[in-house]
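Chains, contacts and geometry: an overview
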Amino acid sequence: MRPSRFTAALGLSCAASLGLGVTTTATASSASAATGDFYTPPAAVPAQPGTLMKSEKFFTGLNMWGNTTRIMYSSKDDNGQPTAVTGAYIEPWAAWKGPGPRPVVVYGVGTIGQGDQCAPSRMMASSINLSTPGSLGVNYETQGMNNLLAKGVAVVVTDYIGLGTPGRPHTYMNRDDQAHAMLDAARVASKVPGATVKANSKVATYGYSQGGGASAAAVEAAPTYAPDLDVAAAYVGAPPADLQKVLAGVDGSPIAGVIGYFINGAASSSAAVKAFADESVNATGKTMLSRTSGQCTVDTVVSYGYRKTSDFTATGEPIAAVIARSEEVTGFVRAQRTGTMKPTAAVRVATGVADDVVPHAQSKQLALDWCGKGANVTYAPIPGLSLGPKSLLNHANPMLADQLTARDWVVQRLSGAPATGNCSTAAGLK
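Source: prediction; values computed, not measured.

Topic: the overall build of the protein
- Helix and strand counts for the protein come out as 16 helices and 12 strands.
- Computed over the C-alpha atoms, the radius of gyration of the protein is 20 Å, within 12% of the 22 Å expected from 2.2 N^0.38 for a compact globule of 430 residues.
- Based on the C-alpha atoms only, the size of the protein along its principal axes is roughly 60 × 55 × 40 Å.
- Taking all 430 residues of the protein together, the buried fraction comes to 60%.
- For the protein, the share of sequence-separated contacts (at least 6 apart) that also reach a separation of at least 24 residues comes to 78%.
- Carbon and sulfur atoms provide 57% of the accessible area of the protein, an area that totals close to 15,400 Å².
- Charge-centre separation for the protein: the mean point of 33 positive side chains lies 5 Å from the mean point of 28 negative side chains.

Below, the structure written as structure tokens:
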């Protein structure tokens, strides 16, 4: 392992365990085996999205600030097929002090991996998962969830489609899949045994990085996909809104291997992407796709951090350049872009001005696209100095810096306070 790659992996792990208050007790293999049957979907998945299929309470000690229930629910993938999704509902210990019934935040985690062992609901009891030999799973979102729970807001976390459940790869950064998984998790929250959330509770979507992309997809899809939900707000942090530009951003970065996550997931739903992977990816790239399909993020940083995607293509060109020559694959990538529909809820888009991994400019453009459609948008550029080209800290530091501000903005919206957007000045901000 190159020293720089080790440093990136160590930094990611330390940021999770120190900066975000993660405990360091490993999840035992026996515990993983005990929950294995829970994650196996039934042969037939209910056609009605948002159906609670099964649930079980599990113990998280003081790691999560509430009573936690593992859930499986029905959703719909980008091909319109019913699919089972897992996650967790957390009933806060704190009282809700705002008006109306307890609200719920649907929490989309950032990039956490593609192996089933990486699913956030599998790691909540300890936040570090060593149950799979050779793999280190880190749930670095614990403190973000606890910040919301401390305000009496219920949290429902989705594992996304294909993450946690066997039989298909996690469809990483698939716009429709992520939107549906988020919104159907909100529908299920009030059905969980012991939940004080109601069917008419206010809802917010929340996430950073991959989670920011999921939150963006969910809030703009909500008016048509889930008009039954009272979606009041969305926090959209560092969203990978334009994957064509994000592919170039992550190429050669510490998280270069996540391109494998995207291709693996996309190939499972698009015949054009599968053909691309078969024909345009060389033997080294095919090994990368196979390995990343079972990895968590730290594993991928260690294995493929700072790699150039030109190492993985048959022509020796960057993957983005090869994709650009395929009209069908380019069309699939373009279809994942957010900002094409108007959210009806208030939205806060936050992005670090020094972020060159999930490039700042394309995140800002999402805010401007929504502004152009007349949405209520608060654009929040997060200042900071670059810590080197494509440093992971350029992407991670704004998440930490913005965490409490983001939480308070969301809680205010759930309490009924109107949001005053800044679309009139957003273009002039960094």
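The rest of the description comes next.
Some details on helix α14 (residues 360–372)
- Compared with an ideal rise of 1.5 Å per residue, which puts 13 residues at 18 Å, α14 spans 19 Å between its outermost C-alpha atoms and is within 8% of the ideal.
- Among the residues making up α14, those that are buried are H360, Q362, S363, K364, L366, A367, D369, W370 and C371.
- Contact partners of the buried residues in α14: α6 (210–225), β10 (230–237), α7 (243–250), β11 (346–352), β12 (377–382) and α16 (423–426).
- Among the residues trailing α14, G374 stands out with phi positive, at a value near 90°.

A few points about the nonpolar core
- By size, the foremost hydrophobic cluster in this structure holds 89 residues, and its most contacted members are M145 and W370.
- Among residues more than four places away in sequence, those in contact with M145 are M64, I90, Y107, V109, M124, N139, V155 and V157.
- Counting residues in hydrophobic clusters, the runner-up holds 32 residues, among them V250, V281, V301 and F332.

Quick notes on the sheet that holds strand β8 (residues 154–158)
- Ordered in space as β2-β3-β4-β8-β5-β9-β10-β11-β12, the 9 strands form an open sheet in which the pairing is mixed. Every interior strand has two partners, whereas the edge strands, β2 (52–58) and β12, have only one. The mean angle between the axes of side-by-side strands here comes to 20°, regardless of whether they run parallel or antiparallel.
- Sheet topology note: the β11/β12 ladder contains 6 bridges and is parallel. Its bridge partner being in β12, V347 is matched across the sheet by V377.
- Packed on one face of the sheet, α6 meets β3 (66–76), β5 (104–108), β9 (202–208), β10 and β11 and runs near 150° to β9.

Side note on the pairing of β10
- Most of β10 sits out of view: 7 of its 8 residues are buried.
- Handedness of the crossover joining β9 and β10 through α6: right-handed.
- Judged from the 5 bridges that link them, β10 and β11 form a sheet pairing that is parallel. Along β11, the bridge assignment pairs V236 with V349.

Thoughts on the pattern of salt bridges
- Under the definition given, this model contains 14 salt bridges.
- Note that E220 and R175 form a salt bridge whose closest N and O atoms lie 3.2 Å from each other. Within this pair, whereas E220 is found in helix α6, its partner R175 is found in helix α5 (residues 175–189), the two being separated by 45 residues in sequence. A single burial state applies to E220 and to R175, both of which are buried.
- As a salt-bridge pair, D408 and R407 come within 2.6 Å of each other at their nearest N and O atoms.
- Judged by its relative accessible area of 10%, R407 is buried.

Scoring rules and cut-offs
- Residues numbered from 1 in each chain as written.
- Predicted model: local features only at pLDDT ≥ 70, side-chain atom pairs only at ≥ 80, totals over all residues.
- Heavy atoms only, no water.
- Helix = DSSP H or I, 4+ residues; strand = E, 2+ residues; numbered from the N terminus.
- Rg over C-alpha atoms; globule rule 2.2 N^0.38 Å.
- Buried < 20%, exposed > 50% of the residue type's maximum accessible area, 1.4 Å probe, protein only.
- Contact = heavy atoms within 4.5 Å.
- Areas by Shrake-Rupley, 256 points an atom, 1.4 Å probe, with all protein chains shown as cover.
- Lys, Arg positive; Asp, Glu negative; His and termini not counted.
- Charge placed at Lys NZ, Arg CZ, Asp CG, Glu CD.
- Expected span 1.5 Å × (residues − 1).
- Core = buried A, V, L, I, M, F, W, Y, C linked by side-chain atoms within 4.5 Å.
- Pairing = 2+ DSSP bridges.
- Axes fitted to C-alpha atoms, helices over the stretch in contact; angles between N-to-C directions.
- Right-handed = clockwise from strand over helix to strand, strands pointing away.
- Salt bridge = Lys/Arg side-chain N within 4 Å of Asp/Glu carboxyl O.

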